[in-house]
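Residue strings, one per chain:
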Amino acid sequence: MTGKRRALVTGGAGFLGSHLCERLLKEGLDVVCMDNLITGSLENIEHLFGRDGFIFVEHDVTNFIHVAGRLDFVLHFASPASPIDYLKLPIQTLKVGSLGTHKAIGLAKSKGARFLLASTSESYGDPLVHPQPETYWGNVNPVGPRGVYDEAKRFAEAITMAYNRHHGLSTRIVRIFNTYGPRMRAGDGRVVPAFICQALANEPLTVFGDGSQTRSFCYVDDLIEGIWRLLNSDYDEPVNIGNPSEMTVLQFAREIIRIIGASSEVVFHELPVNDPKVRQPDITLARRVLGWEPKIELEHGLKKTIEFFKKRQ
Ligand code: UDP
């Protein structure tokens, strides 16, 4: 097909969705941004209103999705995405990962569009293999409190591969590891906004457990670059996108205090149930098939994120 390509981004008013809409517009695509605004926010996309080729549709994608006209890509990013959010919204989380993925992928099939699923490192659960390669099947507790997110995303991966194999649909699956940057929500409970907001207020940083659990943080621009490359690649199995530089949560707290120059101390709170003890992406595959690796240093990315939260205060 010739003419301007057009993409639907579900969850387009969320943290990642909004950055993705921006990138797609920059690449010359028209964008339909869809969100039910449960955890997404119009503030994230208000700068895109009025841009040529951008429209916003308020809709819950667990119900039938109608989009008139051509679609070349459907990128399914709708979901509560922080542990606090999916504990508050367990049924919606399960529904958007299952019913929502079914609706979004059905739409992609009817339009002959390529479907890209935003999956997660949570599909590895509390991993027994470290770092995590895509070939690892994971260690998920289906009936634990985090199971609503992990299992919904695992189902979403399964239905994506089924449409790929059974219907010959062109599909992509990105397994997204901890990502941070401007437009994270201050109250979403994730460690990056929590620690930054606490440190900016010189309040104690709430480290869960003894802080020895590890995470590996990727700046949002690096992640979006990886997703853009995956979307344009011919690789249809899951691909990890994340930054392999790993640190403990306690080290991370100290780093935030140092960069902000805060007088905060660290306090220890109870570790949430099934909180993964380690997490680090193996990005060998992304390097090989996408020629991608993260470029942005933690300190640089954190400074940009801190600026964002300072302005929001
Ligand atoms: N965490 C913490 N203090 C907070 C928020 C989170 O110590 O105020 C810990 C949390 O227990 C986990 C890590 O930071 O080990 C990352 O948590 P987040 O909610 O950002 O996402 P997760 O990686 O668990 O999905």
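Note that this is a predicted model, so its numbers are computed, not measured.

*Asks:* Honestly, the sheet that holds strand 3 (residues 54-58) in this entry has me stumped. Any pointers?
*Replies:* Picture the strands of a sheet paired through backbone hydrogen bonds; they go either parallel or antiparallel. Read from one edge of the open sheet, 7 strands run 3-2-1-4-5-6-11, paired in parallel fashion. On the outer flanks of this sheet lie strand 3 and strand 11 (239-241), each paired with one strand and no other. Strand-to-strand, the axes of this sheet are offset by a mean angle of 20°, without reference to chain direction. Note that strand 1 (residues 6-10) and strand 2 (residues 30-35) share 5 bridges and pair parallel. When the sheet's bridge partners are listed, threonine 10 is paired in strand 2 with methionine 34. Its contacts with the sheet put helix 4 (residues 147-167) on strand 5 (114-120) and strand 6 (171-176), and the angle it makes with strand 5 is roughly 155°.

*Asks:* I would appreciate a short explanation of the site of the ligand in the present structure.
*Replies:* As a matter of local geometry, the ligand sits amid 18 residues, with Thr206, Phe208, Arg215, Asp275 and Arg279 nearest to it. Between the ligand and the protein, one listed contact pairs an oxygen atom with a side-chain N or O atom of glutamine 213 at 3.0 Å. Contacts to the ligand include aspartate 275, whose side-chain N or O atom sits 2.6 Å from an oxygen atom. Protein contact buries 95% of the 520 Å² of open area that the ligand shows by itself. Of all elements in the fold, only helix 5 (191-200) and strand 8 (205-208) reach the threshold of two or more residues within the shell around the ligand.

*Asks:* Any chance you could explain the pairing of strand 1 here in plain terms?
*Replies:* On a regular strand, each side chain points to the face opposite its neighbour's, so the side chains alternate between the two faces of the sheet. Counting buried positions along strand 1 gives 5 out of 5 residues, so the element sits mostly inside the fold. Alternating positions in strand 1 separate into two faces, Arg6, Leu8 and Thr10 on one and Ala7 and Val9 on the other, with burial throughout. For the segment spanning strand 1, helix 1 (residues 15-26) and strand 2, crossover handedness is right-handed. For strand 1 and strand 4 (residues 73-76), the ladder comprises 4 bridges, and the chain directions are parallel.

Analysis parameters
Residues numbered from 1 in each chain as written. Predicted model: local features only at pLDDT ≥ 70, side-chain atom pairs only at ≥ 80, totals over all residues. Heavy atoms only, no water. Pairing = 2+ DSSP bridges. Helix = DSSP H or I, 4+ residues; strand = E, 2+ residues; numbered from the N terminus. Axes fitted to C-alpha atoms, helices over the stretch in contact; angles between N-to-C directions. Contact = heavy atoms within 4.5 Å. Near = heavy atom within 4 Å. Polar contact = N/O pair within 3.5 Å; in protein donor to acceptor, adjacent residues only side chain to side chain. Areas by Shrake-Rupley, 256 points an atom, 1.4 Å probe, with all protein chains shown as cover. Buried < 20%, exposed > 50% of the residue type's maximum accessible area, 1.4 Å probe, protein only. Right-handed = clockwise from strand over helix to strand, strands pointing away.

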